[in-house]
Amino acid sequence: GLSYHYVIAKDGTQTMLIDPDYVALHGGYDNERFIGISLINLGNGFVHANMPDATPPEKWIQLQPGKYGTWEPYTDAQISALVALVSELTSKYATIEYVNGHEDNKDGKNDPGPLFDEHWDKFLAFGLARGPRPASTRNRVV
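Residues numbered from 1 in each chain as written. Predicted model: local features only at pLDDT ≥ 70, side-chain atom pairs only at ≥ 80, totals over all residues. Heavy atoms only, no water.

Engineer: Where do I start with helix α1 (residues 76-92) in this structure?
Structural biologist: Each full turn of the α-helix corresponds to 3.6 residues, which orients residues three or four apart in the same direction. Relative to the 24 Å expected for 17 residues at 1.5 Å per residue, α1 spans 24 Å between its end C-alpha atoms, a close match to the ideal helical length. Among the residues of α1, Q78, I79, A81, L82, L85, V86 and L89 are the ones counted as buried. Summarising the axial view, the buried residues of α1 lie within an arc of 160°, below the 170-degree limit, and thus occupy one face. Facing away from the buried side of α1, by more than 90 degrees, are the exposed residues D76 and S91. (Helix = DSSP H or I, 4+ residues; strand = E, 2+ residues; numbered from the N terminus. Expected span 1.5 Å × (residues − 1). Buried < 20%, exposed > 50% of the residue type's maximum accessible area, 1.4 Å probe, protein only. Arc of directions from axis to C-beta.)

Engineer: Looking at this structure, I do not really get the nonpolar core. What am I missing?
Structural biologist: The nonpolar side chains of a soluble globular protein tend to be buried with one another. In this structure, I8, L39, Y74, L82, F116 and F123 are the most contacted members of the largest nonpolar core, which totals 18 residues. For this core, the secondary structure elements donating two or more residues are β1 (6-8), α1 and α2 (120-124). Sorting elements by how many residues they give to this core places α1 first, with six residues. Those residues in contact with F116 that sit more than four places away from it in its chain are L39, Y74, I79, L82 and F123. (Core = buried A, V, L, I, M, F, W, Y, C linked by side-chain atoms within 4.5 Å. Contact = heavy atoms within 4.5 Å.)

Take a look at the structure:
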């Protein structure tokens, strides 16, 4: 019931799980129209210090009081790999018009979250628009 076209590990390693010419069920309601890319990240709210490859809890970033205000940061390697992958995909698929996150879909998820806000301009630089969303995830209560 859940699949992605690509997964990007914290060290920047990209793995293609499903060719983008095929549908993957990765979130939202338009799977036939989206290329799904997942960044390995624990997101917010829960510090899983004993999980393999988890960022140490002291490096998580507190944005709001309470458990849902703590977020695991994305690595520079992940962001660089994602930029390279989006560049490759926009070159290969001329019909790509916009980029969005789960938080932009109707499924109620809150990722990639506020720690990704500073990176959106890297993708908009490809001439892509951002899908509909609140003005800033930093101002959202999650």
